[in-house]
Amino acid sequence: MKIPMTLLTTLKGPGTEFYYVTSENGNSVRIYPMRVWNEVEGQLERLCLHNMNNQKFLARVKYFGRAVTMDKQGRLLIPITLRNSAQMKGAVDVLDYVDHLEIWNHARLMNNLKSDPITAQDEKTLKPSALLLHDCPG
């Protein structure tokens, strides 16, 4: 998969060659710079000592995950297990977060958004952000 240059700057840092490609459930692909993944994995392993849910999450991201390198053309090879389960054929959407990218099959993302709408409780949690959005012109 070729990463758009505008999104690549989100992930790239000095000496960034290795990435960790994984998923929490096989529905989407997450790409972390290895330096960020090492921090995430360390935190998860510490949390797993006390919480079985964290152990389940860690088992999944390790099952789907692989360390990969970017080629000279800016492409990353998505592991076959993850490529098949995330249905990466066709149009994809790339969501860029502060520390990782998340890639979804477009149709699957739209289905996911429709089947899991924002609830009243979600809006309550997001109240300060929601107020800002409602105050925006246009």
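Residues numbered from 1 in each chain as written. Predicted model: local features only at pLDDT ≥ 70, side-chain atom pairs only at ≥ 80, totals over all residues. Heavy atoms only, no water.

*Asks:* Could you give an account of the pattern of salt bridges, naming the residues involved and the relevant values?
*Replies:* For the structure shown, the criterion picks out 5 salt bridges. Residues Arg30 and Glu102 are paired through a salt bridge, measuring 3.4 Å at the closest nitrogen-oxygen approach. Of the two residues, Arg30 is situated in strand S2 (residues 29-33) and Glu102 in strand S5 (residues 101-105); the sequence distance between them amounts to 72 residues. Note on Arg30: relative accessible area 17%, which makes it buried. Judged by relative accessible area, which is 7%, Glu102 ranks as buried. Between Arg75 and Asp71 there is a salt bridge whose closest N-O contact spans 2.8 Å. For Asp71, a relative accessible area of 30% gives the class partly exposed. Several salt bridges converge on common partners, so that one network encompasses Glu24, Arg30 and Glu102. (Salt bridge = Lys/Arg side-chain N within 4 Å of Asp/Glu carboxyl O. Helix = DSSP H or I, 4+ residues; strand = E, 2+ residues; numbered from the N terminus. Buried < 20%, exposed > 50% of the residue type's maximum accessible area, 1.4 Å probe, protein only.)

*Asks:* Kindly report on the sheet that holds strand S4 (residues 92-96), identifying the contributing residues and their values.
*Replies:* The strand order across the open sheet built from 5 strands is S3-S1-S2-S5-S4, with neighbouring strands paired in antiparallel fashion. Of all strands in the sheet, those bounded by a partner on one side alone are strand S3 (66-69) and S4. Within the sheet, the average angular offset between the axes of one strand and its neighbour, ignoring direction, is 25°. The sheet contacts of helix H2 (residues 34-48) involve strand S1 (18-22), S2 and S3, and relative to S2 the element is tilted by about 105°. (Pairing = 2+ DSSP bridges. Axes fitted to C-alpha atoms, helices over the stretch in contact; angles between N-to-C directions. Contact = heavy atoms within 4.5 Å.)

*Asks:* Hey, could you go over the packing of H2 against helix H3 (residues 52-64) for me, with residue numbers and the actual values?
*Replies:* At a minimum axis distance of 8 Å, the contact between H2 and H3 shows a crossing angle of 145°. For H2 against H3, the interelement crossing comes out left-handed. Residues Trp37, Glu41, Leu44, Glu45, Leu47 and Cys48 of H2 form the contact with H3, whose participating residues are Asn54, Gln55, Phe57, Leu58, Val61 and Lys62. Split by residue class, the contact of H2 with H3 holds 7 nonpolar, 2 polar and 3 charged. (Left-handed = near helix turned anticlockwise from the far one by under 90°. Nonpolar A, V, L, I, M, F, W, Y, C, P; charged D, E, K, R; others polar.)

*Asks:* Tell me what's going on with the packing of aromatic side chains, and back it up with residues and numbers.
*Replies:* One pass over the full model with this rule turns up 3 aromatic pairs. Ring geometry for Tyr32 against Trp37: centres 5.3 Å apart, planes inclined by 50°, an arrangement best described as tilted. Grouping residues by exposure puts Tyr32 and Trp37 together as buried. Linked through ring pairs, Tyr20, Tyr32 and Trp37 together constitute an aromatic cluster. (Phe/Tyr/Trp six-rings, centres within 6.5 Å; stacked < 30°, edge-to-face > 60°.)

*Asks:* So what's going on with the nonpolar core? Residues and values would help.
*Replies:* Ile3, Tyr19, Val21, Val29, Ile31, Leu76 and Leu82 are the most contacted members of the largest nonpolar core, which totals 16 residues. Secondary structure elements with two or more residues in this core: S1, S2 and S5. Once residues within four sequence positions are removed from consideration, Leu82 is found in contact with Val21, Thr22, Ser23, Gly26, Ser28, Val29 and Phe64. The next biggest cluster of nonpolar side chains, apart from the first, holds 9 residues, and it includes Tyr32, Val36, Trp37 and Leu58. (Core = buried A, V, L, I, M, F, W, Y, C linked by side-chain atoms within 4.5 Å.)

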